[in-house]
Structure formats: C-alpha cells, structure tokens
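Secondary and tertiary structure notes
These are the residues of each chain, in order.
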Amino acid sequence: MSDARTAGVSDSRTAGVPETRTAGVVSRGIAAVIDLVVVGVVMAAIYLGLLLTRLMFHPAAFRVPTVGAVFSTAVLFVVAVGYLTACWAVSGCTVGSVTMGLRVTGRSGNRLTPAVALLRAVACVLLPVGLLWVAVDRRRRSLQDIVFGSRVSYVRP
C-alpha cells in the first residue's frame, strides 16, 4: 500500500484521503508534555479560584485549605479528559499539538466525533504509556490510535 502511495497510484482505501505524514513518538511526546503543563496551569487556576472564593465569603476565618490526594487526582482526571476531549472534538488540536504542528483526526481525515474524542481522551489519560507503541508500530500508531481509529499527523508539509 505504501508503494502505491509513493508511486502516485491510489486504491479504493486511500481515495479521497489527503496524503499526510504520521507523527512520531518524539513530536507526540513533546506535545503531551506541553498539554500536561496546560492542565497543570488550569488546575492551579481552579485552586486559586477556590482560595479567593473562600477568602471572599469568610475573610476573618480564612485558612489555606489542604486538598487530599483523591480529590486532586479526580480533578486532574476530569480537567485532562475535558481538555483533550474538547480540543480533539472541536479542532483536532491541543495547545501541545499546535506547537508541534500536529492534528488528531479519524481514519478518513475528518475530526473525531465527541464520543470518540471522549473515549480516546480517557484512554490517553489512563494509559499514557500507549503512546510508546508509536516507536514499534510500522504505521506510527499508538494503542489509542489502533483502538479508536484515529491518527496523529503533521499539519505542515
């Protein structure tokens, strides 16, 4: 199939799909680290907002609240999944992927549906090591790409 693509011949499976280069593990990994920083900033903003709200309603008895590990983990999960789902369903790009020139699409090159974006986001947050499969897969697919029929490709030629 790759020989047919390089020769300019297309078969019925590749007809109508623009030729794009699939992203590798390094560019995806850097994009993931950038997205992790974005999620951390959002979580810090949420915590600061909670602090300021508490200060506003109880200024005399204000103390900095301690946040438990379970609550922090749950918030991290919700923020990360919400961020990835929204970005992939709306534009196919997160802040990290824009920085690295990547886009997440379905097999046909269209945006992911909200349901697929949500399931892929949950899988990426729960199993981030699935990204490493890109290094051994001949077609540069992560485990999430294989399961949900997505692909991460370079936007720029």
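Residues numbered from 1 in each chain as written. Predicted model: local features only at pLDDT ≥ 70, side-chain atom pairs only at ≥ 80, totals over all residues. Heavy atoms only, no water.

Per an unreviewed UniProt entry, the chain goes by RDD domain-containing protein and derives from Mycolicibacterium cosmeticum. Per UniProt, the chain carries the Subcellular location (unreviewed entry) text "Cell membrane". (UniProt positions renumbered as here; feature names shortened; annotations may be inferred.)

1. Some points on the UniProt feature "transmembrane region" (unreviewed entry) in the chain
The UniProt feature table records "transmembrane region" (unreviewed entry) at residues 30-52, 64-91 and 111-136. In the segment residues 64-91, helix accounts for 79% and strand for 0%; the C-alpha atoms at its two ends are 38 Å apart. Taken end to end, residues 111-136 comprises 50% helix and 0% strand; its first and last C-alpha atoms sit 26 Å apart. (Helix = DSSP H or I, 4+ residues; strand = E, 2+ residues; numbered from the N terminus.)

2. As for the packing of aromatic side chains
Evaluation of the coordinates by the stated rule reveals zero aromatic pairs. Note that Arg 120 overlies the ring of Trp 88, its terminal NZ or CZ placed 4.6 Å from the centroid. (Phe/Tyr/Trp six-rings, centres within 6.5 Å; stacked < 30°, edge-to-face > 60°. Lys NZ or Arg CZ within 6 Å of the ring centre and 35° of its normal.)

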